[in-house]
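Letter by letter, the chains look like this.
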Amino acid sequence: MRSALDEALQAMDGGDVPVGAVLVYDGRIVGRGHNQRELLQDPTAHAEMLALTAAAASLGSWRLTDCTMYVTLEPCVMCAGALVLARVPRLVFGADDPKAGACGSVYDIVSGGQLNHRVDITSGVLGEECSEVLRAFFRQQRALGKK
């Protein structure tokens, strides 16, 4: 999770919502990403999506069946769906997202049972630290008159 937090700080340095993600396979990071929606002007450039793409390229397969995703914020519907489609077996996240979380807070895409794959979830890992990074970013944005 510390590596995911490092990624989140990179997103914040780039002016984007500080969310970071890493995928781990066999004890090593095979994919990493941080939000780059503002930089790339791409609504799909979420940390999780970029980390999944990097991991698939690194492992030479879209099936990430032996990987664990670590992400600082509970994934949204798009990212949760991508975790299911990539067959990621385990998700570890820091902060809950009570507005758009799709791993138990608002929706339950990853373990709800309607889809062909389920993801085991561990939540709250370094949760307060992950939440504080997000709060600091949004305080800064409000002080600048943004968002």
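Read on for a plain summary of the structure. Just so you know, these numbers come straight off a predicted model, no measurement behind them. Starting afresh in each chain, residues are numbered from 1 along the sequence in its written order. Local features in this predicted model are restricted to residues whose pLDDT is 70 or higher, and side-chain atom pairs enter the listing and the counts only when it is 80 or higher, whereas totals over whole chains, interfaces and linings include all residues. Side-chain metrics in this entry use all non-hydrogen atoms of the structure; hydrogen atoms and water are not considered.

This next bit is on the pattern of salt bridges. We define a salt bridge as a side-chain nitrogen of Lys or Arg found within 4 Å of a carboxyl oxygen belonging to Asp or Glu. Scanning the model with the defined rule gives 5 salt bridges in all. With a shortest N-O distance of 2.6 Å, Arg 2 and Glu 129 are connected by a salt bridge. Of this pair, Arg 2 sits in helix 1 (residues 2-13) while Glu 129 sits in helix 5 (residues 127-143), and the two are 127 residues apart along the sequence. Each of Glu 128, Glu 132, Arg 135 and Arg 139 takes part in a single network of salt bridges with overlapping partners. Helix numbers and strand numbers start at the N terminus; a helix is a DSSP run of H or I with at least 4 residues, a strand a run of E with at least 2.

Position of Val 19 among the secondary structure elements: in the loop between helix 1 and strand 1 (20-25). For the pair formed by Val 19 and Val 133, sequence separation is 114 residues and the distance between their alpha carbons is 8.9 Å. Leave out the neighbours within four places in its chain, and Val 19 touches Glu 7, Ala 8, Ala 11, Gly 33, His 34, Asn 35, Ala 47, Val 71, Thr 72, Leu 73 and Leu 134. We call two residues in contact when some of their heavy atoms are within 4.5 Å.

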